[in-house]
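# Fold and contact review
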Amino acid sequence: MKKIFCGAVIALIGVIYSIALMVLATVNDVYGNGVSGLWGLLQGYDAELPLIISLCVVMIGIAVCVWGVFEKKK
């Protein structure tokens, strides 16, 4: 049960960070290399790597949850 809770918290942190980056795209009109929208914001603020990291954190959190669900009790 602890692994499921820990994985859910990790995934939640990653989701919140990803949503924060996407909200910035809607609030600010940033153009990066002639591209607008989310990709333009990520290029303008040089935030491609943080978004990729936050999405990886979400996947790791989900993996920990799944691991906790299918772990055999001793």
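Structural data are supplied above this passage.
On a predicted model such as this, the values are computed, not experimentally measured, just so you know. Each chain has its residues counted from 1, following the order in which its sequence is written. Only residues with pLDDT of at least 70 are given local features in this predicted model, and only at 80 or more are side-chain atom pairs given and counted; all residues enter the totals for whole chains, interfaces and linings. Hydrogen atoms and water are omitted, and side-chain values are computed over all heavy atoms in the structure.

### Examining the packing of aromatic side chains
To describe a pair of aromatic rings, you give the distance between the ring centres and the angle between the ring planes. Note the following rule: Classification of ring pairs uses Phe, Tyr and Trp, with its six-membered ring standing for Trp, and accepts pairs whose centres are within 6.5 Å; under 30 degrees between planes counts as stacked, over 60 as edge-to-face, and the remaining range as tilted. Whether a charge sits over a ring depends on NZ of Lys or CZ of Arg being within 6 Å of the ring centre and within 35 degrees of the ring normal.
One pass over the structure, following the stated rule, counts zero aromatic pairs. Between K3 and the ring centre of W67, over which it is positioned, the NZ or CZ distance is 3.9 Å.

### With respect to the side chain of S18
Counted only if it meets this: Secondary structure counts use DSSP, requiring at least four H or I residues in a row for a helix and at least two E residues in a row for a strand, with both numbered from the N terminus. For every residue, the accessible area (1.4 Å probe, protein chains only) is compared with the maximum for its type, and the residue is labelled buried under 20%, exposed over 50%, or partly exposed between those bounds. Polar contact criterion, stated in full: a pair of N or O atoms within 3.5 Å, where within protein one must be able to donate a hydrogen and the other to accept it, and residues adjacent in sequence count only if both atoms are side-chain atoms. Throughout, a residue-residue contact means that at least one pair of heavy atoms, one from each residue, lies within 4.5 Å.
Here S18 shows up in helix α1 (residues 2–27). For S18, a relative accessible area of 5% gives the class buried. A polar contact is formed between the side chain of S18 and the backbone oxygen of G14, at a distance of 3.0 Å. In this structure S18 touches L51, S54 and L55, once residues within four positions along its chain are discounted.

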